[in-house]
Number of protein chains: 2
Amino acid sequence: MNDTAAAPPPIASRDACLALDRADPLAALRAEFVLPEGVVYLDGNSLGALPRRTAARLAEVIAREWGEGLIRSWNSAGWIDLANRIGDKIALLIGARPGEVSVGDSTSVNLFKTLGAAVALQRADAPARRVVLSERGNFPTDLYMAESVAASYGLDLRLVDGARIDEALNDEVAVLMLTHVNYRSGRMHRLAATTRAAHAAGALVVWDLAHSAGAVPVDLHGADADFAVGCGYKYLNGGPGAPAFLWAHPRHTSRMDRKQLRQPLSGWLGHAAPFDFAPAYRPASGIARFVCGTPPVLAMAALECGVDLFAAAEPAGGIAALRAKSIALADLFIAQVEARCAGMGLVLVTPRDAASRGSQASFAHADGYRVMQALIERGVIGDFRAGEASAASADGAADPALAADLLRFGFTPLYTRYVDAWDAAAQLHGVLESGAWRDDRFARRAQVT
Amino acid sequence: MNDTAAAPPPIASRDACLALDRADPLAALRAEFVLPEGVVYLDGNSLGALPRRTAARLAEVIAREWGEGLIRSWNSAGWIDLANRIGDKIALLIGARPGEVSVGDSTSVNLFKTLGAAVALQRADAPARRVVLSERGNFPTDLYMAESVAASYGLDLRLVDGARIDEALNDEVAVLMLTHVNYRSGRMHRLAATTRAAHAAGALVVWDLAHSAGAVPVDLHGADADFAVGCGYKYLNGGPGAPAFLWAHPRHTSRMDRKQLRQPLSGWLGHAAPFDFAPAYRPASGIARFVCGTPPVLAMAALECGVDLFAAAEPAGGIAALRAKSIALADLFIAQVEARCAGMGLVLVTPRDAASRGSQASFAHADGYRVMQALIERGVIGDFRAGEASAASADGAADPALAADLLRFGFTPLYTRYVDAWDAAAQLHGVLESGAWRDDRFARRAQVT
């Protein structure tokens, strides 16, 4: 993919940022979120902010639907349709169609379902293919679930550098599993081109959209992808540990031959007729076969509040406008950090080319943990990702994107302003220039994000 | 197990019920729930009622922990410890010890984890054993998950009548999976005796406590059980689709040899060092290896409110007192229904012997669906379970407990009163005597519970 966007004019002052915010058609959406005073929140790629409507909606679900309706609410309040209803809304963000997306379980569990389904299809269609291929720097849960699926089907998990996926696509590969936007570097794979290459090589593809759904335009049908999963609590703002989503191309879910699509977590609500309580499993038609247990209603209701804000962004240009703003925010931040902090030990790890990155900017720094803690104390919340001590690429060369300790900054254009990006860069400079981060209270501890 | 409880004196009037409620040391707990006016709720075995504290607690988690704390709350609000913290509280209800119970995912998903772990252990210890054994009338999701686990390990799933488990325990059986209390009949397996029989036959046992945890005393260590799972949204009152729980005996989780316990849903938060972001999976020590993805914080917070009410019941006698009241409520209901509705087509399916049943009473009725709808319209909420049209036992004889359409009534002694059981029986009699259930508006539709 070429960088087709014209370079924007550099933003030269805080006042210019304030002017951009005043002119921003997306600016009103910030009022749809509850954000703490005095905080610049650049960690929406790890946990999205709280939509203003969520508290009232959850109060209603708890008091009226659960408390008053009790068991009747499975029908009267539409709980039983939540997985499809929210799925249809997410479909609009990822180039899927109504009835193709299911919501529930965690991203990890959904990876297991889709990988299991893809591997089983290939076992029927191409049994000689014995490899699940992925990127060495993929998010660990993707690799761990793939390791388990591969082991249970007697396949091998093969990991290569992200830049070498195309050359690794050979006739041994049954399934390629990739995360669209890398959680550390923010580098974005070319979803359509890589899917084409995988198909040309005879492989199926499972895409993890955890760091792209809601942040960058995704067109699963346009790319002719096979399976996808994604996260509800990052750019979709569904709340901590929100249910994840899952998509399968209808060419797979509509197969009625002996190679009918099965997924391994065959729970009762994915049965063709769950209320027949039959002893033998028979998959539901379409995507519904990917449902497993009883849906987590409270968590689903919160997720829906987050997802609904993308509809609210439609009049202002929707996902295309969000993407343009996300790029502008990250460009501004990168330019300001590099201008202010030259010589202070920061190295940009995220691709400078906006077309090759998602919605974050990551900088390597040898004391990244301490720097981030000091920055958080000043009210700028990004996060820290430790480098992998043993990181080395497949050919033995160290991969700096894996080995480095990173400062990670996510840009969530539904609620992040230009002035936030400006202020964050200024604060980062302040932390580095002052040496404040050297204080003992910023020494490394276990961290969860 | 013998019925060692002395038969209580029959309760002969509504006034006698009111007197029992006034004298009940558990009665005050009803005020800890929000219950709709004019409703007798006897479906807490499907979806438990709303604890009064849940709304305020969720409002706090949403506004303060998520909204203000944002990503920092993983540490500052203890989100990362929720699975263990709630697990320790559930441990007290099931005869487990601190640090042995994990909370998260659905019952179905946890069945997959525990069955997968048990089968993998047996593959190492007793590879000639090729059968997963269960009860034909087990809840479908248990059977469907077992079908999938068995298939992925090349084993067979063998289903027999519940009464024939002992004789089916032979040297082919790797794992026995049973639900402690049957969801239809309410019949309770003898947990300790059946575990002993399974061990004597060389099998491991996975117990599903969905219909027993919080309703009947369970002593997993006393029974020397291997694995257990259970449901958060029935007797634990955790909310619709609440996270489930999971237990494994420490003799399994502490194995450090080549047969170290693995479970198939090896997500990142079950890794020994999740924040090292290492590419290869290494299971955490103890029960923590059963965690998969990021925990659903909102749903976990709601579950904790439900679980905490068992601590509130401790001064009034705790689980033993709850069990005694549950038996008294069901005995009262059964006696009243049988006395009032003789000749009206109801047949008790639940064992009359209290020691052999859980906390429900099920009656077969040929028009069970309509009768339950008419009863619900009168404010008595139980539920309906369709008979399995093709139900037949392993030897070809029809099994009435499987074949019959059932009216199901759950007794949840944290909030159900004696007068509720009395009134429910009277209303059921009224529905049957009046023929109100024959009205077209009660014709059968799809139902979810």
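Bear in mind the structure is a predicted one, so any value in this text is a computation, not a measurement.

(A) Quick look at the relation of the copies chain A and chain B. For the pair chain A and chain B, the best superposition has an RMSD of 0.0 Å and corresponds to a rotation of 180° with a translation of 0.0 Å parallel to the axis. The two molecules are tied by a two-fold rotation axis, judged by turn and shift. In this assembly, 100% of the residues forming the interface of chain A have copies in chain B that are likewise at the interface, indicating an isologous arrangement.

(B) Inspection of the sheet that holds strand β7 (residues 173–179) of chain A at higher detail. Residue and element names in this part refer to chain A. The sheet built from seven strands is open, its strands ordered β4-β10-β9-β8-β7-β5-β6 with mixed pairing. Because the sheet does not close on itself, it has two edges, and the strands there are β4 (101–103) and β6 (156–160). Along the sheet, successive strands turn relative to each other by an average axial angle of 20°, direction set aside. For strand β5 (residues 131–135) and β6, the ladder comprises five bridges, and the chain directions are parallel. Each bridged residue has a counterpart across the sheet, and for L133 the counterpart in β6 is R158. Along the sheet face, helix α6 (residues 140–152) touches β5, β6, β7 and β8 (204–208) and points at about 150° away from the line of β6.

(C) Representation of the environment of R53 of chain B in the model. Residue and element names in this part refer to chain B. Mapping R53 onto the fold places it in the loop between β3 (50–51) and α2 (54–69). Take R53: its relative accessible area is 47%, and that puts it in the partly exposed class. The sequence separation of R53 and C17 amounts to 36 residues, and the corresponding C-alpha distance is 28 Å. For R53, the contacting residues outside a window of four places in its chain are C305 and D308.

(D) Focus on unusual backbone geometry. Within the chain, F277 of chain A stands out as a residue other than glycine whose phi angle is a positive 50°. Mapped onto the secondary structure, F277 of chain A falls in the loop between α10 (250–253) and α11 (297–312). What makes F277 of chain A buried here is its relative accessible area of 5%. The backbone of N237 of chain B sits at a positive phi, close to 60°, despite the residue not being glycine. Inspection of the secondary structure puts N237 of chain B in the loop between β9 (227–230) and β10 (245–248). Taking the relative accessible area as the measure of exposure, N237 of chain B reaches 1% and is therefore buried.

(E) Representation of the sheet that holds strand β12 (residues 360–364) of chain B in the model. Residues and elements named next belong to chain B. The strand order across the open sheet built from four strands is β11-β12-β15-β14, with neighbouring strands paired in antiparallel fashion. Two strands in the sheet have a free side with no partner beyond their single neighbour: β11 (347–348) and β14 (383–385). Helix-sheet contacts for helix α13 (residues 368–377) involve β14 and β15 (406–410), and the interaxial angle to β15 is about 40°.

(F) Looking closely at the packing of helix α1 (residues 14–23) of chain A against helix α15 (residues 418–434) of chain A. Residue and element names in this part refer to chain A. Relative orientation of the contacting elements α1 and α15 amounts to 155°, with a least axis distance of 7 Å. Considering their axes alone, α1 and α15 lie roughly antiparallel with respect to each other. For the pair α1 and α15, contact is made by R14, C17, L18, L20 and D21 and by Y418, V419, W422 and D423, respectively. Taken together, the residues of the contact of α1 with α15 break down into six nonpolar, no polar and three charged.

(G) Representation of helix α8 (residues 191–200) of chain A within the structure. Residue and element names in this part refer to chain A. Three or more residues of α8 are buried, namely L191, T194, T195 and A198. For α8, the arc enclosing every buried residue in end-on projection is 100°, short of the 170-degree limit, so these residues lie on one face. Exposed and facing more than 90 degrees away from the buried side of α8 are R196 and A200. Buried-residue contacts for α8 involve α7 (165–168), β7, β8 and α9 (220–223). Count one or two residues on from α8 and you reach G202, which has phi positive near 90°.

Parameters at a glance
- Residues numbered from 1 in each chain as written.
- Chains lettered and ligands numbered in written order.
- Predicted model: local features only at pLDDT ≥ 70, side-chain atom pairs only at ≥ 80, totals over all residues.
- Heavy atoms only, no water.
- Least-squares fit on C-alpha atoms with pLDDT ≥ 70 in both.
- Contact = heavy atoms within 4.5 Å.
- Pairing = 2+ DSSP bridges.
- Helix = DSSP H or I, 4+ residues; strand = E, 2+ residues; numbered from the N terminus.
- Axes fitted to C-alpha atoms, helices over the stretch in contact; angles between N-to-C directions.
- Buried < 20%, exposed > 50% of the residue type's maximum accessible area, 1.4 Å probe, protein only.
- Parallel < 35°, antiparallel > 145°, perpendicular 65-115°, else oblique.
- Nonpolar A, V, L, I, M, F, W, Y, C, P; charged D, E, K, R; others polar.
- Arc of directions from axis to C-beta.

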